[in-house]
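Structural overview for review
Below, each chain spelled out in residue letters.
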Amino acid sequence: MEDQLVEYGFRRVIITITAIMCALLEIVDTTIVNVALNDMKGSLGVTLTDVAWVVTAYAIANVIIVPMTSWLSQQFGRRNYFAASIIIFTVASFLCGNASSIYELIVFRFIQGMGGGALLVTAQTIITESYPKEKRGIAQAIYGMGVIVGPTLGPPLGGYIVDHFSWPYIFYINIPIGIIATFLTLTFVRSPKYSDKLALNQVDFIGIILLAMAVGSLQFVLEHGQQDDWFNDNLILALSIVSGLGFYMFIWRELVAEHPIVNLKVLKDSNLRIGVIMSFILGFGLYGSTFIIPIYLQSILGWTATDAGMLLVPSSITTALMMPIIGNLLQKGVAPKYLVAGGFLIFFVYSLWAYSVLTPDTGSEHFVWPLIVRGAGLGLLFVPITTLSLSALKGREIGDGAAFTGMMRQLGGSFGIAIITTYLASQNMHHRNDLVNHIRVDSPTVQSRVAGLVQTFQAKGFTTDQALAKAYNMLDLSVTRQVAVLSYMDVFLVLGILFLACIPFILLIKKGAGKIDGGAGMH
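Residues numbered from 1 in each chain as written. Predicted model: local features only at pLDDT ≥ 70, side-chain atom pairs only at ≥ 80, totals over all residues. Heavy atoms only, no water.

**Focus on the overall build of the protein**
To be explicit about the condition: To qualify as a helix, a DSSP run of H or I must reach at least 4 residues; to qualify as a strand, a run of E must reach at least 2; elements of each kind are numbered from the N terminus. Within these notes, the globule rule equals 2.2 Å times the number of residues to the 0.38 power, and the radius of gyration is based on C-alpha atoms. Should any heavy atoms of two residues lie within 4.5 Å, those residues are considered in contact. Using the Shrake-Rupley algorithm and a 1.4 Å probe, accessible areas are obtained, with residue cover drawn only from the displayed protein chains. We treat Lys and Arg as the positive residues and Asp and Glu as the negative residues; His and chain ends play no part in the count. Where a charge lies is defined by one atom per residue type, namely NZ (Lys), CZ (Arg), CG (Asp) and CD (Glu).
Within the protein one finds 20 helices and 0 strands. The globule rule puts the C-alpha radius of gyration for 523 residues at 24 Å, and the 25 Å found for the protein is close to it. Contacts in the protein between residues at least 24 apart in sequence constitute 84% of all its contacts with a sequence separation of at least 6. About 22,300 Å² of surface is accessible on the protein, with carbon and sulfur atoms providing 67% of the total. Seen as two clouds, the 31 positive and the 31 negative side-chain charges of the protein have centres 10 Å apart.

Here it is as structure tokens:
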């Protein structure tokens, strides 16, 4: 069955372009909204907490639908399901742009996420199965370009649209792409022939409900934990318990159900188990660092959203250039584990470099090269991890495996962002207490600084009292800025240590794991 889906020549090119276009649609939409939240808040007349739900609703829908995509493809046929997902995503994009209240926007964004979550994993499966086994490394490299470049494209594109048009247009740009992708999918994409579609009364609805409870609650806890003071908030505590129980009951249900919604048995493959863990760490590093850099540039250095997003572009270009090289190395038989170990080592170098260049006066010229190094590291990570994960799978198992790695990459990103924001907040308090304790009002250095500031403000026409108040205010701002820089430095250092710690575990992977064999898995 796998052989029948392999495409050649023009058809393969068109199918590859269609799948990448859809994967990019979904990923860009995950990050493009972040830079528009302020404008949405103003035009809809709501608080930042309310408008954050626009991001949360999409993420929750994503992580619920991703593990179910392989099963849904079997029920409706892959081509039909993929085309339906694009249509749902495109229609929901139009509705999001037309939303007149925050509640409408959140509901339409959830629907958009239900369509979008399917695009990512199904696109990966379509690309994987359209290439012969010996070219899987190249196939994953092509798909990986979209997945890695996507999160970086979102902020500059969103910033440009918000600066030059208005926020609904971040949704409207999906519509023409969605229409083209639907047409190409219905014309070129083929479905595997599954003979075992289920009747409605055989569908594992209990599994669907438990999965939605577990991942929906977990995603909410990760998105809102920091702002709601984690387990001191009753809702966060309750949803954490619901999530834990939900996962436990879901795993039990899928192991005993006659027709499980998620095939957990595929995790018996040791390569996939390792790949799932590494996908989580990759998501942590990719989304965590993509999240922290623009925030640092905007909040500490005062950059615009567009400028902050543009700084990430060289990093993405480096990753894109690395992908075909990595694909070729895999095809020549280089073990994926050595490439992954190299990727984590490069990520450690990037984190340490970023840690060493951060100051309140850091300029773009200090960031470009560390970010290019980051791009090289991501290039070494994505393709080998995915190739390793799916290397021993065949037939429908590829879809199941892709769903697991996709979900874990997404959850890794959510954990990364949640842990980084929490750690930033705690380090902020720690460094502030530390700095304030060392600043004594009777210190000659402090008095000299205050006196200089007072003179500056008096020269601008302020009274002595006003000038003194403003001088202390400036001193406080200076401390706040220094505290923020120290906290961001800590984050980069911890990220670097985390990646360095992964290397010994990767090198323990058994010899030959993930090796791409032209004949393996065909029978």
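**Considering empty space enclosed by the protein**
Spelled out, the test is: Each cavity reported here is a set of points on a 1 Å grid over the protein atoms alone in which a 1.4 Å probe fits but cannot get out, each pocket an open set with protein on both sides within 12 Å along at least five of seven lines, and each lining residue one with an atom within 4 Å of a point. Grid points are joined across faces, edges and corners, and a volume is the space filled by probe spheres set on the points. Polar here means any residue other than Ala, Val, Leu, Ile, Met, Phe, Trp, Tyr, Cys and Pro, which are nonpolar, and Asp, Glu, Lys and Arg, which are charged; Gly is therefore polar.
Following the criterion strictly, the structure yields 4 cavities of 30 Å³ or more and no others. Roughly 80 Å³ of volume is contained in the largest cavity. Around the largest cavity, the lining comprises 11 residues; the ones closest to its centre are S70, S73, R78, T125 and G399. When contributions to the lining of the largest cavity are tallied by element, the ones reaching two or more residues are helix 5 (69–76), helix 7 (102–130) and helix 18 (396–438). Looking at the lining of the largest cavity residue by residue, the classes come out as 2 nonpolar, 7 polar and 2 charged.

**Details of the packing of aromatic side chains**
Just so we agree on the cut-off: Only the six-membered ring of Trp is used, alongside the rings of Phe and Tyr, when aromatic pairs are assigned; centres must lie within 6.5 Å, and planes under 30 degrees apart are stacked while those over 60 apart are edge-to-face, with the rest tilted. Only protein chains enter the area calculation, which uses a 1.4 Å probe; residues under 20% of their type maximum are buried, those over 50% are exposed, and those in between are partly exposed. Over a ring means this: the NZ of a Lys or the CZ of an Arg is within 6 Å of the ring centre and within 35 degrees of the ring normal.
Enumeration according to the criterion identifies 8 aromatic pairs in this entry. A ring pair is formed by F165 and Y169, whose centres lie 5.8 Å apart and whose planes are at 40 degrees; its orientation type is tilted. You can call Y169 partly exposed: its relative accessible area is 40%. Chaining the aromatic ring pairs together yields one cluster made of F344, F347, Y350, F492 and F499. Cation over ring: R109 sits above Y58, and NZ or CZ is 4.1 Å from the ring centre.

**Regarding helix 7**
As a reminder, the rule being used: For a helix, the expected span equals 1.5 Å multiplied by the residue count minus one.
A rise of 1.5 Å per residue sets the reference length of helix 7, with its 29 residues, at 42 Å; its end C-alpha atoms lie 41 Å apart and thus fit the reference within 8%. Counting buried positions over the 29 residues of helix 7 gives 23, a clear majority of the element.

**Quick notes on the side chain of S217**
Rules: Between N or O atoms, a polar contact is any pair within 3.5 Å; within protein, one atom must be a potential hydrogen donor and the other a potential acceptor, and residues adjacent in sequence are included only when both atoms are from side chains.
With respect to the element layout, S217 can be found in helix 11 (residues 205–224). For S217, the side chain forms a polar contact with the main-chain oxygen of M213, separated by 2.7 Å. If near-sequence neighbours (up to four positions away) are discounted, S217 is found in contact with A212, L239, V242 and S243.

**A closer look at helix 12 (residues 234–256)**
The terminal C-alpha atoms of helix 12 lie 33 Å apart, and with 23 residues this matches the ideal 33 Å at 1.5 Å per residue to within 8%. Turning to helix 12, its buried residues are I236, L239, S243, G246, F250 and E254.

**Some details on the nonpolar core**
Put simply, the test is: Residue types Ala, Val, Leu, Ile, Met, Phe, Trp, Tyr and Cys, when buried and joined through side-chain atoms within 4.5 Å, form a set referred to as a nonpolar core.
Grouped together as the largest cluster of nonpolar side chains are 77 residues, with contacts concentrated most on Y296 and F344. Beyond its immediate stretch of four places on either side in the chain, F344 contacts M278, I281, L381, F499, C502, I503 and I506. Formed by 36 residues, the second largest nonpolar core is a distinct cluster that contains I64, I65, M68 and L210.

**Points about the packing of helix 5 against helix 6 (residues 78–98)**
Worth spelling out the cut-off: Axis definition: a line fitted to C-alpha atoms, limited for helices to the stretch in contact. Angles are taken between N-to-C directions and run from 0 to 180 degrees. Handedness of a helix crossing follows the sense of rotation of the near helix relative to the far helix, less than a right angle counterclockwise being left-handed and clockwise being right-handed.
Axis separation between helix 5 and helix 6 bottoms out at 6 Å; the angle between their running directions is 115 degrees. Helix 6 is crossed by helix 5, and the crossing has right-handed handedness. Contacts between helix 5 and helix 6 involve T69, L72, S73 and F76 from the former and R78, N80 and Y81 from the latter. Taken together, the residues of the contact of helix 5 with helix 6 break down into 3 nonpolar, 3 polar and 1 charged.

**Digging into the environment of T421**
With respect to the helices and strands, the residue T421 is situated in helix 18. Remark: the alpha-carbon pair of T421 and I27, spanning 394 residues in sequence, is separated by 21 Å.

**So, the side chain of R109**
Among the structural elements, R109 can be located in helix 7. In this structure R109 comes out as buried when scored by relative accessible area, which is 0%. At 2.9 Å, the side chain of R109 and the backbone oxygen of V54 are in polar contact. Those residues in contact with R109 that lie beyond four places of it in its chain are D29, T30, V33, V54, Y58, C96 and F171.

**Observations concerning the environment of G395**
Inspection of the secondary structure assignment puts G395 in the loop between helix 17 (364–390) and helix 18. Note on G395: relative accessible area 13%, which makes it buried. The sequence separation of G395 and G246 amounts to 149 residues, and the corresponding C-alpha distance is 29 Å.

**Structural notes on the environment of I173**
Here I173 is to be found in the loop between helix 9 (169–172) and helix 10 (174–188). Each C-alpha atom, one on I173 and one on K41, is 21 Å from the other, the two residues being 132 residues apart in sequence. Discounting chain neighbours no more than four positions away, the residues touching I173 are I32, L157 and I161.

**What to know about the state of the cysteines**
Put plainly, a disulfide is one covalent bond tying together the sulfur atoms of two cysteines. Operational definition: Two cysteine sulfur atoms make up a disulfide if the distance between them is within 2.5 Å.
Counted by the stated rule, this structure contains 0 disulfides. Of the cysteine sulfurs around C22, a residue in no disulfide, the closest is that of C96, at 17 Å.

**So, the confidence of the model for the protein**
Heads up, the rule is: Along the chain, pLDDT gives the predictor's confidence residue by residue, from 0 to 100.
Across the protein, the average pLDDT comes to 78, with 90% of residues at 70 or higher. Mean pLDDT values over the elements of the protein span from 71, in helix 3 (residues 48–51), up to 90, in helix 6. When the criterion is pLDDT under 50, residues 512–523 qualifies, and its contacts beyond four places in sequence or with other chains add up to 23 contacts.

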